[in-house]
Amino acid sequence: MKLIGSYTSPFVRKISILLLEKGITFEFVNEQPYQAENGVAHYNPLGKVPALVTDDGEHWFDSPIIASYIELLDIAPAMIPHEPKAALVIRQIEALADGIMDAALASVREQARPAAQQSETELLRQREKITRSLDHCEALIREGKIATDSVNLATIAIACAIGYLNFRRVSPGWCVDRPLLVKLAETLFQRESFARTEPPKA
């Protein structure tokens, strides 16, 4: 099995952690999707990471789809509940965390533009998305809908989103007034799967 991705992508990190937590052996192929010449499009016509190549030569892309495929392998521990509505709840939290990652990536790309071309309106829009989503995650934990010591697709996705915020210094004050999210992140960051997938220091 091959995982096509970059070491800095939070979406790729999410899939790497799922594979590591399940003890699935895989080869990591480092590809930079934003470079003019890259091999990502060979595996995903959209030219986006992650992409997964199975031992049978099947290609899967888009991190929620890849996560679903990994779960279909029925290798413990389960990261998505079998009960349909419970699974849907986990997938919605995953979608929320993925949205935080998308907003952070959009912020990073906007700030990479020449200063005169940057849109403060766009940066504010992305910051507001991140703020609302983090507040919602904190509320879900407070209401007992997310356990800070649980390891599943939802908590892994949230921790990967927070890890990316830290890595790219997006929303540097995200931890203020969100003690439950801090606890969740600190708990998961101590796991070997997170330590092994920490993005390289610039």
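Residues numbered from 1 in each chain as written. Predicted model: local features only at pLDDT ≥ 70, side-chain atom pairs only at ≥ 80, totals over all residues. Heavy atoms only, no water.

Next up on the list: unusual backbone geometry. Along the chain, Val-49 connects to Pro-50 via a cis peptide bond; the corresponding omega equals 5°. Here Pro-50 shows up in the loop between helix H2 (40-43) and strand E3 (51-53). Note that the residue after Ala-76, namely Pro-77, is joined by a cis bond; omega there is 0°. Relative to the helices and strands, Pro-77 is located in the loop between helix H3 (63-72) and helix H4 (84-111). Of note, the phi angle at Asp-74 is positive, near 60°, even though the residue is not glycine. Tracing the backbone through its elements, the reader meets Asp-74 in the loop between H3 and H4. Take Asp-74: its relative accessible area is 62%, and that puts it in the exposed class. Phi is positive for Ser-171, which is not a glycine, with a value near 50°. Positionally, Ser-171 belongs in the loop between helix H6 (153-168) and helix H7 (179-189). (Helix = DSSP H or I, 4+ residues; strand = E, 2+ residues; numbered from the N terminus. Buried < 20%, exposed > 50% of the residue type's maximum accessible area, 1.4 Å probe, protein only.)

Turning our eyes to something else, we now look at the domain arrangement of the protein. How big an interface is tends to be expressed through the accessible area that disappears when the partners come together. The domain boundaries assigned to the protein delineate domain 1 (2-73) and domain 2 (84-191). The C-alpha centroid of domain 2 is placed 21 Å from the C-alpha centroid of domain 1. Each partner contributes to the interface: domain 1 provides 13 residues, whereas domain 2 provides 17 residues. Buried surface at the junction of domain 1 and domain 2, both sides included, amounts to about 1200 Å², of which 66% is carbon and sulfur. In terms of surface lost to domain 2, no three residues of domain 1 exceed Pro-10, Phe-11 and Lys-14, which account for 41% of the buried area on that side. Taken together, the connections running from domain 1 to domain 2 amount to three salt bridges. Of the charged contacts in the structure, one is a salt bridge between Glu-94 and Lys-14, with a shortest N-O distance of 2.8 Å. Applying the counting criterion to the domain 1 and domain 2 interface returns five residue pairs in polar contact (both at pLDDT 80 or more). (Domains from an automatic or database assignment. Contact = heavy atoms within 4.5 Å. Buried area = accessible area lost by both parts, 1.4 Å probe. Salt bridge = Lys/Arg side-chain N within 4 Å of Asp/Glu carboxyl O. Polar contact = N/O pair within 3.5 Å; in protein donor to acceptor, adjacent residues only side chain to side chain.)

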